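# Fold and contact review
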Amino acid sequence: MKNKHKKACFLFVLIFSFYSAFPIDPVNPAATESTRKVLNYLTNLKGKGILTGQQNLASDVMKWSSEIVQLTGKYPALLGEDFSYGNEAHYKRLDIVNAAVDQWKNGGLVTISWHQVNPDSWDISGNEGSFSDTQIPMSQERFNELFQDSTEIHKKYMAHLDTIATYLKLLQNSGVVVLWRPYHEMNGNWFWWGNKSNFKDLWKMMYERFTVYHQLNNLIWVWSPNIGRPIADYYPGDSLVDMVGLDGYTNGLRNWDNAKKIQDNIDETKSLSKNGSISFAELGWLPDMGWLENQRPEFVWFLCWWTHITKHNSEEEIREVYHHRYSITREEVNWKASYE
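Just so it is clear, the structure is predicted and the values come from calculations on it, not from any experiment.

### Remarks on the overall build of the protein
Looking only at helices and strands, one finds 11 helices and 10 strands in the protein. Taken against the 2.2 N^0.38 rule, which gives 20 Å for 340 residues, the C-alpha radius of gyration of the protein at 20 Å falls within 12% of a compact globule. Across its three principal directions, the C-alpha atoms of the protein cover 75 × 50 × 40 Å. With 340 residues in all, the protein has 54% of them scored as buried. Contacts spanning at least 24 positions in sequence make up 71% of the contacts within the protein whose residues lie at least 6 apart. Carbon and sulfur atoms provide 51% of the accessible area of the protein, an area that totals close to 14800 Å². Averaging the positions of the 34 positive and the 40 negative side-chain charges in the protein gives two centres separated by 8 Å.

This is the structure in structure tokens:
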């Protein structure tokens, strides 16, 4: 009986080890090897550390990351950018591509979002309007027309996606994996895509255009609702999302579990994560590193939004976070070894 028991235990351990070590598959079956490795690296960071990240402006693609380097002597592991809007959008996006390639060549990772202007406000020229054009309301009825092939707004919308795809292709050609975070805070009502009953269809339409039509195989699809609002109803589904995160500006709160409603948001978001890992996809106050290390191992990266890094965090607090034993900075990223 002892031998049978030992064999059974050995078999259990072997099976468990196989499945726990088996890499996470991206939602895109044609994802590049590097994309698979980065995703596997991220999901296996749980409890080992958290990637530091900093968002920059499209008009100055390294400004805030550079400030962190000056303060701490360390580069953020994650470079955050946004494909933005405005009269000079094309040149800004080329600057983003160059900064992302440089980050990648130096061992770091890249996340990009897109504040897309309301399609009704875009005249299909190089002038894409201002930030306020991302917040021009769109009625549910008008939103529904986006999915009708024969409508002008559908054609305009698809043309806009095709514009963005050109920059993502440049990154793919340079081997850069992108944590692609479109349509963030969709459970709020401040962007034209927000608070829509069929938001999932918008996500799916972009996913299919980028993945099937443009064959962009370097994207890790990141979905990030806002704290304090309904979440699960806006989740596009496991077949369309690689990783999940939360956006939140918490007015000085660094341990999010100290607010019951936000604690519930974390738990709800984690329940939607098919790999058990989540992120602070956008925040203003740097998180309490001791809290993360001891209580919330599911968080694997944070991204501080541009001016908030110095507006809401003292120099001492920034140094403390970037030199904490649980923080992972650019020189410590090791995604290439994720399958080894």
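Anyway, onward from the coordinates.
### Focus on the packing of helix α4 (residues 89-105) against helix α6 (residues 152-173)
Two elements in contact, α4 and α6, have axes separated by 10 Å at closest approach and are oriented at 25°. Judged by the inter-axis angle, α4 sits roughly parallel to α6. Our pair here, α4 against α6, has a crossing hand that is right-handed. Across from His90, Arg93, Leu94, Val97, Ala100 and Val101 in α4, the residues of α6 making contact are Thr163, Ile164, Tyr167, Leu170 and Leu171. For the contact of α4 with α6, a count of residues per class yields 8 nonpolar, 2 polar and 1 charged.

### Points about the environment of Trp64
With respect to the helices and strands, the residue Trp64 is situated in helix α3 (residues 63-72). If near-sequence neighbours (up to four positions away) are discounted, Trp64 is found in contact with Gln54, Gln55, Asn56, Leu57, Trp306, Thr307, Ile309 and Thr310.

### Considering the pairing of strand β4 (residues 109-114)
Counted residue by residue, β4 has 6 buried out of 6 residues, so it is predominantly covered. Across the two faces of β4 the burial is the same, with Leu109, Thr111 and Ser113 and Val110, Ile112 and Trp114 all buried. With α4 bridging strand β3 (residues 78-82) and the parallel β4, this β-α-β connection has right-handed handedness. Bridge count for β4 against strand β5 (residues 178-182) is 5 bridges, and the pairing is parallel. Residue pairing in the sheet places Ser113 in a bridge with Arg181 of β5.

### Comments concerning the environment of Asn127
Examined against the element boundaries, Asn127 turns out to sit in the loop between β4 and α5 (140-145). Sequence separation between Asn127 and Gly86 is 41 residues; the distance between their C-alpha atoms is 5.9 Å. Among all residues touching Asn127, those that are not within four sequence positions of it are Gly86, Asn87 and Trp122. Only 3.1 Å separates the side chain of Asn127 from the backbone nitrogen of Gly129, close enough to count as a polar contact.

### Some thoughts on unusual backbone geometry
Even without glycine at this site, Glu185 takes up a positive phi of about 55°. Look at Gln215: it is not a glycine, yet its phi comes out positive at around 55°. Its location among the elements puts Gln215 in the loop between α7 (199-213) and β6 (219-223).

### Quick notes on the side chain of Glu298
On the secondary structure map, Glu298 appears in the loop between α9 (289-295) and β9 (299-304). Residue Glu298 is classed as buried on the basis of its relative accessible area, which comes to 4%. Polar side-chain contacts of Glu298 include one of 2.5 Å to the side chain of Arg296. For Glu298, the residues in contact, after removing those within four places along its chain, are Lys46, Ile266, Lys270, Gly276, Ser277 and Ile278.

### Digging into the side chain of His115
Position of His115 among the secondary structure elements: in the loop between β4 and α5. A polar side-chain atom of His115 sits 2.9 Å from a polar atom in the side chain of Asp82. Among all residues touching His115, those that are not within four sequence positions of it are Asp82, Ser84, Tyr85, Phe131, Thr134, His184, Phe191, Trp193 and Trp305.

### Some details on the pattern of salt bridges
Throughout the structure, instances matching the rule amount to 19 salt bridges. A salt bridge links Asp267 to Arg296, with the nearest nitrogen and oxygen atoms 3.0 Å apart. Linking Asp267 in helix α8 (residues 260-272) with Arg296 in the loop between α9 and β9, this pair joins segments that are 29 residues apart in sequence. Using a relative accessible area of 36% as the deciding quantity, one classes Asp267 as partly exposed. For Arg296, a relative accessible area of 6% corresponds to the buried category. In this structure, Arg319 engages Glu315 in a salt bridge whose closest nitrogen and oxygen atoms are separated by 3.4 Å. Here the residue Arg319 and the residue Glu315 both occupy positions in helix α11 (residues 315-322), the gap between them amounting to 4 residues, near one helical turn. Overall, Glu315 belongs to the partly exposed group, its relative accessible area being 47%. Residues joined by salt bridges that share partners form a network here, namely Asp257, Asp267, Lys270, Arg296 and Glu298.

Parameters and conventions
- Residues numbered from 1 in each chain as written.
- Predicted model: local features only at pLDDT ≥ 70, side-chain atom pairs only at ≥ 80, totals over all residues.
- Heavy atoms only, no water.
- Helix = DSSP H or I, 4+ residues; strand = E, 2+ residues; numbered from the N terminus.
- Rg over C-alpha atoms; globule rule 2.2 N^0.38 Å.
- Buried < 20%, exposed > 50% of the residue type's maximum accessible area, 1.4 Å probe, protein only.
- Contact = heavy atoms within 4.5 Å.
- Areas by Shrake-Rupley, 256 points an atom, 1.4 Å probe, with all protein chains shown as cover.
- Lys, Arg positive; Asp, Glu negative; His and termini not counted.
- Charge placed at Lys NZ, Arg CZ, Asp CG, Glu CD.
- Axes fitted to C-alpha atoms, helices over the stretch in contact; angles between N-to-C directions.
- Parallel < 35°, antiparallel > 145°, perpendicular 65-115°, else oblique.
- Left-handed = near helix turned anticlockwise from the far one by under 90°.
- Nonpolar A, V, L, I, M, F, W, Y, C, P; charged D, E, K, R; others polar.
- Right-handed = clockwise from strand over helix to strand, strands pointing away.
- Pairing = 2+ DSSP bridges.
- Polar contact = N/O pair within 3.5 Å; in protein donor to acceptor, adjacent residues only side chain to side chain.
- Salt bridge = Lys/Arg side-chain N within 4 Å of Asp/Glu carboxyl O.

On their own, these measurements won't tell you what the molecule is for.
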